[in-house]
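Notes for the structure review
Listed here are the chains, written in short residue letters.
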Amino acid sequence: MILKAFEKGADGVMVVGCLEGDCHYLSGNLRARARVGRVADVLDTIGMGGERVAMYNLSAGEGNKFALFATEMVDKIRSLGPSPVNVARKSRKQAPAQEEK
Amino acid sequence: MIMGEQKPLEVILGMLAPYDKIVLAGCHGCVTVCRAGGAKEVEILASSLRLAREAEGRPLEIKEVTLERQCDPEYLEPMRPYLEDYQAVLSIACGAGIQFVAEKYTSTVVLPGLDTTFIGVTEKQGLWVERCQACGDCVLHLTGGICPVARCSKSLFNGPCGGTTTDGRCEVDKEIPCGWMMIIERLRSLNQLENYRKNLPMKSWKTSRDGGPRRIAREDLME
Ligand code: SF4
Ligand code: SF4
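To keep things clear, this report deals only with the structure shown in the data block. All of these numbers come straight from a predicted model, not from anything done at the bench.

Residue and element names in this part refer to chain B. Ordered by their spatial adjacency, 4 strands build an open sheet running β3-β2-β4-β5, and the pairing between neighbours is parallel. Each edge of the open sheet carries a strand with a single partner, namely β3 (61–67) and β5 (109–112). On average, each strand axis in the sheet is tilted by 25° relative to the strand beside it, whichever way the strands run. The pairing of strand β2 (residues 21–27) with β3 spans 7 bridges and is classified as parallel. Counterpart to K21 in the pairing with β3 is E61. With respect to the sheet, helix α3 (residues 39–55) is in contact with β2, β3 and β4 (88–91), its orientation differing from that of β3 by roughly 170°. This element, helix α6 (residues 95–104), spans β4 and β5 of the sheet and lies at about 175° to β5.

This is the structure in structure tokens:
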């Protein structure tokens, strides 16, 4: 799903989960973190950069913290610039991602 | 089940370098259970490959399919109508499945996306361990249900060797419990230690890999 977002043209993806130890599904957020790690590995291997995906943990009442994290992420992605895929697409001047099934 | 592990992405990308239109074929059998080659893995691998190739400026078109099984002829048939439109099939079934695709579609290039590793079990979520090496002459009734071929690192039939550590580990790797230690403990708890006192006869490997590819022919089932 995260990779699909990159295919659709995202330059970065922020995954937000509940606080560690507080998951309604016990360990769902820990597994999510591990999977985000795997996606980061894939992005590193294919030259997109693993920093483009990050996982944050928040509780439902922490609106300002969310804003803070989001700004942090946006700043990070801005400094990284558009993803190599978007750069390549732009230079080919043809946008649509392949979405065959 | 038959276990497999996806090949490194860079290796797969290398195999796919000459092509720009492929079928990526998963399998709903064993490799789905061990999370290496099912529908979900097809989706993730396809996205990764497309992104990598787009970033290179050489997009890859992928048709994603997951077949019921790749080791049975009838389940391979659904690919026939469209296969001609693609340059190659990247299969992430086990080695048997991959070969069967190649065998049924003789003029299609078939590539392995998976390394097939062993016959094993899910010890816990995310951890799979080998249990059987398909020797063709099972002795589990004599060894307390623990396989000396697959679980003794040296496949000894009258073990243990002298290398078991005092805490019951194998000298080959401390991560591995000594197979023979387990067999003896188990026989003891089953009150079957007399099995251990008997020498097991020398193993005949005739039923194993000796003599080329093995086959089972069942007249009663053949048409
Ligand atoms: S092709 Fe291989 S992985 Fe798929 S069901 Fe058959 S034996 Fe299992
Ligand atoms: S004795 Fe042979 S058939 Fe039985 S579990 Fe061991 S390897 Fe498999």
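Grouped together as the largest cluster of nonpolar side chains are 41 residues, with contacts concentrated most on I46 and V53 of chain A together with L49 and L90 of chain B. Secondary structure elements with two or more residues in this core: α1 (2–7), β1 (13–17), α2 (28–45) and β2 (53–57) of chain A together with α1 (9–16), β2, α3 and β4 of chain B. Ranked by residues supplied to this core, first place goes to α3 of chain B with 6 residues. In this structure L49 of chain B touches L9, I12, L13, L16, L60, I62 and L90 of chain B, once residues within four positions along its chain are discounted.

This structure, assessed with the given rule, holds 14 salt bridges over all chains. Here R33 of chain A makes a salt bridge to E20 of chain A, at a shortest N to O gap of 2.8 Å. You can see R33 of chain A sitting in helix α2 and its partner E20 of chain A sitting in the loop between β1 and α2, a full 13 residues away along the chain. For R33 of chain A, a relative accessible area of 36% corresponds to the partly exposed category. When its relative accessible area of 43% is taken as the criterion, E20 of chain A is described as partly exposed. Here E64 of chain B makes a salt bridge to R50 of chain B, at a shortest N to O gap of 3.1 Å. Of this pair, E64 of chain B sits in strand β3 while R50 of chain B sits in helix α3, and the two are 14 residues apart along the sequence.

Calculation rules
- Residue indices follow the written sequence of each chain, beginning from 1 at its first position.
- A letter from A marks each chain and a number from 1 marks each ligand, given out in the order of writing.
- Local features in this predicted model are restricted to residues whose pLDDT is 70 or higher, and side-chain atom pairs enter the listing and the counts only when it is 80 or higher, whereas totals over whole chains, interfaces and linings include all residues.
- Hydrogens are left out, water is left out, and the side-chain values use all remaining heavy atoms of the structure.
- Two strands are counted as paired when DSSP detects at least two bridges linking them.
- Only runs of H or I of at least four residues qualify as helices and only runs of E of at least two qualify as strands under DSSP, and these elements are numbered from the N terminus.
- For helices, the fitted line uses only the C-alpha atoms of the stretch in contact; every axis is such a line through C-alpha atoms, and the angle between N-to-C directions lies from 0 to 180 degrees.
- In this description, contact between two residues means that some pair of their heavy atoms is separated by no more than 4.5 Å.
- Joining through side-chain atoms within 4.5 Å is the link that ties buried Ala, Val, Leu, Ile, Met, Phe, Trp, Tyr and Cys residues into a set, and such a set is a nonpolar core.
- Burial status follows relative accessibility: with a 1.4 Å probe on protein chains alone, a residue under 20% of its type maximum counts as buried, one over 50% as exposed, and anything between as partly exposed.
- Each reported salt bridge corresponds to a side-chain nitrogen of Lys or Arg within 4 Å of a carboxyl oxygen of Asp or Glu.

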